[in-house]
Amino acid sequence: MEDEEIIALFFQRSEQAIQELEIKYGPVFRKLSYNIVSNWHEAEECVNDAYLAAWKTIPPAKPKPLQAYICKIVRNISLKCYYRKDAAKRNSVYTVAMQEIEAARTSPNPVEGEVEARELARLIEDFLDTLPIKDRVIFMRRYAYLDAYSDIATRVGLSEKNVSVRLTRIRQKMKRYVLKREGLV
Amino acid sequence: MKTSLFSQAMSEVRDKYYEEAASFECQRTTHTWIKWSATAVCLAVLVLVVFSMQTEYLHQQGVTQPDKPNDVIANPSNHDTSPQTIAIQISMSDIFLNDIDIKATADAARIWYDPQLYRDIIWDKVAIINYYGKDLTPPYVPDGLLAAPGNGAAQVITDKDGNIVEDTVWLGFYHAYDEDGSPKLTEDATARKGFSITVSKIGLLHDCIYLLPENEIKTSDINGVEVTFGYRAMPYGPYDAETHEPSGYYDLYVAEFVCDDIEYQILANQIKAEEVVKVVCSIIYGEEVAIQ
């Protein structure tokens, strides 16, 4: 079923919308959630919560593309779930991915804590626009979808090692970009 | 930037970037044929080597080569008239272990059954035995592995007339389990340790993809049953920031075969090749088999 038809079902308040959403994108959402919470049972719950959130927000929202819209909801709910869990038990792709980014952090700028997420998102978008499409996809798959290197390698047709090298370069490039934008270099 | 802020910001990144990453499919380069040609040449050399080795083995039955620690003993052909069990030693790394494609771990598409037309049924252990004609628990399970809590039951699907349309039964044997029954990951390598058996009479949804084309995949003959073994060294992170090498690799084996009209697929993580073969042999022979 096309996304537009699914959204139409949401607007008609037909529960079939959730079923169609599950059929079309269920495995994608569960994989994304699992990459964060590292537990299939919790991932299932997060995805169900995301469906409920979608049900509450559509309408009035009329998301296009639909998959990205729900992916973000799944991501946010899964992150909340992740942070609720005991830190000692953290052992997911998300943890490792964020450790990578931590290493790419910029200087201890006292104002960085005040930077709003939305502002940073715009900065990241500007940075993404400077990248070739393949690097952009690799970055998004790793830090938005929290994919494992092996999954990214399959998707973009590179070896895992090549993905690792590219991600390192992208992080370094991002660090330079952020510093430049903040006027620190 | 703080990781939490970065993470939050990634959730705020516009949809078009998510969409682009979701819909991106790599274009195969025109040089793919070079890779396959090279593979074909290597295979041709392998076949020659294997053929000469097999001939030699047939003249040296029962002799173990000390320099091949990974070798597997498979049963000889049924034409063997010797009263003793004579083993042909075969190098798994050269012949029977087909390299598994990286896509083997990709998500398999799920078939969705319309609840208006189909219904789910839970089978208990007795129902499973009645359907398959035997207990599916392998006679041999490596030490330290425990049966999964869900092994005694299976969810199958029938149509409205009661005809079974989906009969897959899954059994797990892993070193430890979480509270919800899912296998625990090991601490050193972030992966499961143990194996699962998936069976079906109707037919499994094969999601194991080998590097070689289907007509070039090698099988192992175990008591007349053609078994396809697959292997992949699975890397696990975190990856080194300088060298980009993974923290290490663990062994992933797959075994696929049909025995007594039942289709089997065994997926093993972090256990030895010999143990995988012992599990397979025990299913085929119906009892534990010694592997030399």
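This text follows the structure it describes.
Calculation notes
Residues numbered from 1 in each chain as written. Chains lettered and ligands numbered in written order. Predicted model: local features only at pLDDT ≥ 70, side-chain atom pairs only at ≥ 80, totals over all residues. Heavy atoms only, no water. Contact = heavy atoms within 4.5 Å. Buried area = accessible area lost by both parts, 1.4 Å probe. Salt bridge = Lys/Arg side-chain N within 4 Å of Asp/Glu carboxyl O. Polar contact = N/O pair within 3.5 Å; in protein donor to acceptor, adjacent residues only side chain to side chain. Helix = DSSP H or I, 4+ residues; strand = E, 2+ residues; numbered from the N terminus. Axes fitted to C-alpha atoms, helices over the stretch in contact; angles between N-to-C directions. Parallel < 35°, antiparallel > 145°, perpendicular 65-115°, else oblique. Nonpolar A, V, L, I, M, F, W, Y, C, P; charged D, E, K, R; others polar. Phe/Tyr/Trp six-rings, centres within 6.5 Å; stacked < 30°, edge-to-face > 60°. Buried < 20%, exposed > 50% of the residue type's maximum accessible area, 1.4 Å probe, protein only. Lys NZ or Arg CZ within 6 Å of the ring centre and 35° of its normal. Expected span 1.5 Å × (residues − 1). Bend = angle between axes of the 7 residues up to and from the residue. Lys, Arg positive; Asp, Glu negative; His and termini not counted.

1. Let's talk about the interface of chain B and chain A
Argument step 1. With 42 residues of chain B in contact, the opposing surface of chain A contributes 64 residues.
Argument step 2. With both chains or domains summed, chain B and chain A bury close to 4900 Å², and 61% of this area falls on carbon and sulfur atoms.
Argument step 3. Applying the counting criterion to the chain B and chain A interface returns five salt bridges.
Argument step 4. In this structure, A:Lys72 engages B:Asp15 in a salt bridge whose closest nitrogen and oxygen atoms are separated by 2.9 Å.
Argument step 5. For the interface between chain B and chain A, the tally reads 16 residue pairs in polar contact (both at pLDDT 80 or more).
Argument step 6. Among the secondary structure elements, those contributing two or more residues to the side of chain B that touches chain A are helix H1 (3-12), helix H2 (15-23) and strand S11 (225-236) of chain B.
Argument step 7. Of all the elements, H1(B) adds the most residues to the side of chain B that touches chain A, at ten residues.

2. Some points on helix H5 (residues 125-132) of chain B
Argument step 1. Near the N-terminus of H5(B), the side chain that reaches the backbone nitrogen of B:Val126, with its oxygen 3.2 Å away, is that of B:Asp124.
Argument step 2. One or two steps after H5(B), the chain reaches B:Gly133, where phi turns positive at roughly 80°.

3. A short note on the packing of helix H8 (residues 149-156) of chain A against helix H9 (residues 160-181) of chain A
Residues and elements named next belong to chain A.
Argument step 1. Here H8 crosses H9 at 100°, and the two axes come no closer than 9 Å. With respect to H9, the axis of H8 lies roughly perpendicular. Contacts between H8 and H9 pair Tyr149, Ser150, Ile152, Ala153 and Val156 from the former with Glu160, Val163, Ser164, Leu167 and Arg171 from the latter.
Argument step 2. Its residues placed into classes, the contact of H8 with H9 shows six nonpolar, two polar and two charged.

4. Here's the deal with the packing of aromatic side chains
Argument step 1. What the rule picks out here adds up to 16 aromatic pairs over all chains.
Argument step 2. On the numbers, 5.0 Å between centres and 25° between planes, the contact of B:Phe173 with B:Phe195 is stacked. Of this pair, B:Phe173 sits in strand S8 (residues 169-174) while B:Phe195 sits in strand S9 (residues 194-200), and the two are 22 residues apart along the sequence.
Argument step 3. The class for B:Phe195 is buried, based on a relative accessible area of 1%.
Argument step 4. Through a chain of ring-to-ring contacts, three or more aromatic side chains come together here, namely A:Phe127, A:Phe139, A:Tyr143, A:Tyr177 and B:Phe6.
Argument step 5. The ring centre of B:Tyr140 lies 4.4 Å from the NZ or CZ of B:Lys278, which sits over that ring.

5. Describing the side chain of A:Glu125
Argument step 1. For A:Glu125, the position within the fold is in helix H6 (residues 117-129).
Argument step 2. With sequence-adjacent residues up to four places away left out, A:Glu125 is seen in contact with B:Glu12, B:Val13, B:Arg14 and B:Tyr17.

6. Some points on helix H2 (residues 16-37) of chain A
Argument step 1. The end-to-end C-alpha distance of H2(A) is 28 Å, clearly below the 32 Å that 22 residues give at a rise of 1.5 Å each.
Argument step 2. Roughly 70° is the biggest bend found in H2(A), and it falls at A:Tyr25, with proline A:Pro27 one to four residues downstream.

7. Digging into the side chain of B:Asp159
Residues and elements named next belong to chain B.
Argument step 1. For aspartate 159, the position within the fold is in strand S6 (residues 154-159).
Argument step 2. One buried charged side chain, aspartate 159, makes no salt bridge at all; its nearest oppositely charged neighbour is arginine 119, positioned 7.3 Å away.
Argument step 3. Among the polar contacts listed, one links the side chain of aspartate 159 to the backbone nitrogen of asparagine 163, at a separation of 2.8 Å.
Argument step 4. In contact with aspartate 159, not counting residues within four places along its chain, are Leu117, Tyr118, Arg119 and Val165.

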